[in-house]
Amino acid sequence: MQSFPQPLSAEEESEYIARWQQGDQTARRVLIEHNLRLVAYLVKKYNNSDHGVDDLISIGTIGLIKAVDTYRPGRGVRLATYASRCIDNELLMTFRSDKKQSKEVFLYDPIGGDDGEGNALSFLDILESVDEDIPERMERQENISKLYGFIEADLTEREKYIIRLRYGIPKWPYIPEQPEVTQREIAKKLGISRSYVSRIEKKALMKLRKAYEHG
């Protein structure tokens with residue numbers, strides 16, 4: 001990891017904050033640069049994410065810049081404390097966005113069949129539903145049973161393991177769903193790379209899609 005400037009002393013920080021409040025852009029830059037160590041420290045908490053350290057530092061730095069730009073002294077909160085919250089928030093927003101996009105890539109893909117109105121079914125249609133009536137519930141349970149059958153019949157043991165962990169699918173139907181697991185966490189469990197987990201996951205989902213199309 002790259003090295004960063006040492007933190008400012010309390011007196012120096014107060015001086016630069018006051019100068020930045022008066023519009024001194026150089027003071028703003030100094031406050032950002034001398035708090036980059038805080039970004040690096042907070043990033044360590046997220047080493048198991050799908051992002052590299054340099055990417056996380058770039059994301060965290062955005063949060064730091066927002067903190068310096070919106071910080072107001074005199075509220076009983078130090079800049080470092082306020083910046084920590086902003087950096088964490090920026091990182092967490094990125095992870096939430098990643099999770100949403102991942103589901104959009106895989107769960108919204110059509111898998112064959114339809115919902116009774118000519119619309120193609122997706123994994124999301126099978127795994128999630130709201131305000132369904134009894135016929136819809138019966139149809140959903142049938143689709144869930146098909147999903148479990150296809151997982152058992154069409155996937156290798158490794159593919160089953162990865163799909164179940166990634167999407168929180170328990171081994172047997174009608175058992176409460178399990179927490180979803182990131183590709184990086186699965187890679188660590190299996191002793192393989194995250195990119196290899198991603199390839200296996202995509203291949204497994206293609207198999208399930210074909211099973212639905214021909215089932």
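Residues numbered from 1 in each chain as written. Predicted model: local features only at pLDDT ≥ 70, side-chain atom pairs only at ≥ 80, totals over all residues. Heavy atoms only, no water.

Q: Before we go on, may I ask you to explain the overall build of the chain in this structure?
A: Secondary structure assignment for the chain yields ten helices and two strands. Secondary structure elements in the chain, listed N-terminal to C-terminal, are α-α-α-α-α-β-β-α-α-α-α-α. Within the chain, the proportion of its 215 residues that are buried is 38%. Surface accessibility of the chain: about 12800 Å² in total, with carbon and sulfur atoms responsible for 51%. (Helix = DSSP H or I, 4+ residues; strand = E, 2+ residues; numbered from the N terminus. Buried < 20%, exposed > 50% of the residue type's maximum accessible area, 1.4 Å probe, protein only. Areas by Shrake-Rupley, 256 points an atom, 1.4 Å probe, with all protein chains shown as cover.)

Q: When you look at the packing of helix H3 (residues 36-43) against helix H4 (residues 53-70) in this model, what are you seeing that I'm missing?
A: Two numbers describe a pair of packed helices, the interaxial angle and the distance between the axes. Axis separation between H3 and H4 bottoms out at 9 Å; the angle between their running directions is 125 degrees. The orientation of H3 relative to H4 falls into the category oblique. With respect to the hand of their crossing, H3 and H4 are arranged in right-handed fashion. Of H4, the residues touching H3 (which contributes Leu36, Val39 and Val43) are Val53, Leu56, Ile57, Gly60, Thr61 and Leu64. (Axes fitted to C-alpha atoms, helices over the stretch in contact; angles between N-to-C directions. Parallel < 35°, antiparallel > 145°, perpendicular 65-115°, else oblique. Left-handed = near helix turned anticlockwise from the far one by under 90°. Contact = heavy atoms within 4.5 Å.)

Q: Would you take a moment to explain the nonpolar core for this structure?
A: In summary, soluble globular proteins display a tendency toward joint burial of nonpolar side chains. One finds Leu31, Val39, Leu64, Ile87 and Leu91 to be the most contacted residues of the largest nonpolar core, which totals 29 residues. Listed by contribution, the elements that provide at least two residues to this core are helix H1 (10-21), helix H2 (25-33), H3, H4 and helix H5 (79-106). Not counting the four nearest positions on each side in its chain, Leu64 is found in contact with Ile32, Asn35, Leu36, Val39, Ala83 and Ile87. With 13 residues, the next largest nonpolar core counts Phe150, Leu155, Ile163 and Ala211 among its residues. (Core = buried A, V, L, I, M, F, W, Y, C linked by side-chain atoms within 4.5 Å.)

Q: In this structure, what is going on with the environment of Ile65? I would like to understand it.
A: Residue position: Ile65 is located in helix H4. Between the C-alpha atoms of Ile65 and Leu36, which are 29 residues apart in sequence, the distance is 9.9 Å. Ignoring anything within four residues of it in the chain, the contact list for Ile65 reads Arg28 and Ile32.

Q: What should I look at first to understand the confidence of the model for the chain in this one?
A: With 72% of its residues at a pLDDT of 70 or more, the chain has an overall mean of 77. Strand S1 (residues 110-114) is the least confidently modelled element of the chain, averaging 50 in pLDDT, while H2 averages 93, the highest of any element. Note that residues 128-135 has pLDDT below 50 and, in this model, six contacts with residues that lie over four places away or in other chains. (pLDDT = per-residue confidence, 0-100.)

Q: Honestly, helix H10 (residues 194-214) in this entry has me stumped. Any pointers?
A: If you check H10, its first and last C-alpha atoms are 31 Å apart, about what 21 residues at 1.5 Å a residue would give, namely 30 Å. Among the residues making up H10, those that are buried are Val197, Ser198, Ile200, Glu201, Ala204, Leu205, Leu208, Ala211 and Tyr212. Each buried residue of H10 sits inside an arc of 165 degrees when the element is viewed along its axis, so together they form one side. Along H10, the residues that are exposed and aim more than 90 degrees away from the buried face are Arg199, Lys203 and His214. (Expected span 1.5 Å × (residues − 1). Arc of directions from axis to C-beta.)

Q: I'm lost on the side chain of Asn35 in this one. Help?
A: Within the element layout of this structure, Asn35 appears in the loop between H2 and H3. Residues in contact with Asn35, not counting those within four places in the same chain, are Leu64 and Leu79.

Q: Where do I start with the packing of aromatic side chains in this structure?
A: In this description, a pair of aromatic rings is defined by centroid distance and the angle of the planes. Counted according to the given criterion, the structure contains one aromatic pair. Relative to Tyr82, the ring of Tyr71 lies with its centre 5.8 Å away and its plane at 45 degrees, an arrangement referred to as tilted. Separated by eleven residues along the polypeptide, Tyr71 in the loop between H4 and H5 and Tyr82 in helix H5 bring together distant segments of the chain. The exposure class of Tyr71 is buried, given its relative accessible area of 9%. What makes Tyr82 partly exposed here is its relative accessible area of 25%. (Phe/Tyr/Trp six-rings, centres within 6.5 Å; stacked < 30°, edge-to-face > 60°.)

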